[in-house]
Amino acid sequence: MTKACVIGWPISHSRSPIIHGYWLKQHGINGSYTRQPVEPSSLADFIGCLEGAGYAGCNVTIPHKEAVFGLVRRADDSTERLGAVNTVYLQNGKVLGTNTDGEGFINSLKQGAPGLDLANSRAVVLGAGGASLAVVNAILEQGAAEVAIANRTRGKADQLRMRFGTRVLPIGWEEAADHLAECSLLVNTTSLGMKGQPDLDLRLAKLPQRAVVADIVYTPLRTRLLNEAAARGNTVVEGLGMLLHQAVRGFSLWFGVTPQVTRELRDLVARDIDPDFPR
Ligand code: ATR
């Protein structure tokens, strides 16, 4: 039996077992995918003993993504740039780490907004934390001309420019609404709008109608930002899509089958997030 897991501290809220469990069943694979709580002090031991414990690999979530980066061989340049690992796998006895958050975001956009072409485009990203890093890197890899970043703490947006170069344009939090003119993509990577957090309050009046609006928050499935954008005719992309799509490559690396993100899978996870989601 092939084993994989997700590690974090705490880990009880992770929905990854639902996703991988669905694919294991769908493909008739003799495998398992479990939640493993790993304290920061045990992280190095856990990664070091992964193969001995019979794992093909694992996903990594809060707060371990940066620490695991320092414990594994980095599989690719994109991961090297991010300094964070969300997927660990074994290859010829070596422990490799990669990051699938960026492709998860891009593939979710491709599924939700197939007409969007980011080459030479302008994007506005709200937030400059860990999730923003992966999203900004991915948008730049798609050939965007400019990614404006608005963050409450301006210095963190400035750091992203130092990391990624002059296509990144740090702007003031209050400037975001004015910057929406001529933008093709608006992404919220902050925790604003998440259940239990304040709403994101952004005037969308200047956002072109053809622009796509994405949120990485998926509790609730439809944030106020997405509802407001959809109401004025913008195409919207839910945060749940990124969670589903980031899981694809790990499954393929551990279990040898590249799975699909289907409507049925999306609805399965949506029902776990929102018990009122229609059955
Ligand atoms: P993640 O890994 O999910 O990105 P993070 O690194 O803690 O988490 O980043 C959270 C992001 O949400 C940051 O951009 C944060 O802004 P600061 O850098 O100023 O902290 C943003 N954020 C959280 N609460 C916010 C609030 N009340 N108003 C504005 N931005 C907020």
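Details of the structure are given in the entry above.
In this convention, every chain numbers its residues from 1, walking through the sequence in written order. Residues qualify for local features only when their pLDDT is at least 70, as the model is predicted, and side-chain atom pairs are given and counted only at 80 or more; totals for whole chains, interfaces and linings, by contrast, use all residues. The side-chain quantities take in all heavy atoms of the structure and omit both hydrogens and water.

1. As for the site of the ligand
Right, on to step 1. Surveying the vicinity of the ligand reveals 13 residues, the closest of which are Ala131, Asn151, Arg152, Thr153 and Lys156.
Right, on to step 2. In protein, a polar contact requires one atom able to donate a hydrogen and another able to accept it; more generally it is a pair of N or O atoms within 3.5 Å, and residues adjacent in sequence count only if both atoms are side-chain atoms. At 2.6 Å from an oxygen atom of the ligand is found a side-chain nitrogen or oxygen belonging to Asn151.
Right, on to step 3. Residue-level accessible areas treat just the shown protein chains as cover; the underlying method is Shrake-Rupley with a 1.4 Å probe. Compared with its free state, where it exposes 640 Å², the ligand has 68% of that area covered by protein.
Right, on to step 4. Here the term charged refers only to Asp, Glu, Lys and Arg, the term nonpolar to Ala, Val, Leu, Ile, Met, Phe, Trp, Tyr, Cys and Pro, and the term polar to all other amino acids, Gly among them. The residue inventory of the shell around the ligand, partitioned by class, reads four nonpolar, seven polar and two charged. To be near a molecule or strand, a residue needs just one of its heavy atoms within 4 Å of it.

2. Section: the packing of helix 5 (residues 101–112) against helix 6 (residues 130–141)
Right, on to step 1. Only the stretch in contact is used when a helix axis is fitted, and all axes are lines through C-alpha atoms; the angle between N-to-C directions ranges over 0 to 180 degrees. Strands here mean DSSP runs of E at least two residues long; helices mean DSSP runs of H or I at least four residues long; both are numbered from the N terminus. Relative to each other, helix 5 and helix 6 sit at 60 degrees, their axes nearing to 8 Å. For helix 5 against helix 6, the interelement crossing comes out right-handed. Side by side, helix 5 and helix 6 meet where Asp101, Gly102, Phe105 and Ile106 of the first sit next to Ala134, Val135, Ala138 and Ile139 of the second.
Right, on to step 2. Tallied by class, residues from the contact of helix 5 with helix 6 come to six nonpolar, one polar and one charged. What makes a crossing left-handed is the near helix being turned counterclockwise from the far one by less than a right angle; a clockwise turn instead makes it right-handed. Whether two residues are in contact is decided by their heavy atoms, any of which lying within 4.5 Å being enough.

3. Describing the pairing of strand 3 (residues 55–60)
Right, on to step 1. When accessible area is computed with a 1.4 Å probe and restricted to protein chains, residues below 20% of their type maximum are described as buried, those above 50% as exposed, and intermediate ones as partly exposed. A large share of strand 3 lies buried, amounting to six of its six residues.
Right, on to step 2. For two strands to be treated as a pair, DSSP must find at least two bridges joining them. Examined bridge by bridge, strand 1 (residues 2–8) and strand 3 share five bridges and lie parallel to one another. Its bridge partner lying in strand 3, Val6 is registered against Asn59.
Right, on to step 3. Examined bridge by bridge, strand 3 and strand 5 (residues 87–91) share three bridges and lie antiparallel to one another. Opposite Gly57, over in strand 5, you have Tyr89 as the bridge partner.

4. Describing the nonpolar core
Right, on to step 1. Judged by nonpolar contacts, the single largest core of 30 residues is most densely connected at Phe105, Leu109, Val136, Ile139, Ile149, Leu185 and Val187.
Right, on to step 2. Secondary structure elements with two or more residues in this core: helix 5, strand 7 (122–126), helix 6, strand 8 (146–150), helix 7 (154–164), strand 10 (185–188) and strand 11 (212–215).
Right, on to step 3. Top contributing element to this core by residue count: helix 6, with seven residues.
Right, on to step 4. Aside from chain neighbours lying at most four places away, what touches Leu109 is Pro114, Leu116, Leu118, Leu185, Val212, Ala214 and Val237.
Right, on to step 5. Residues enter a nonpolar core if they are buried and are Ala, Val, Leu, Ile, Met, Phe, Trp, Tyr or Cys, with the set joined through side-chain atoms within 4.5 Å. With 27 residues, the next largest nonpolar core counts Tyr22, Leu221, Leu240 and Phe251 among its residues.

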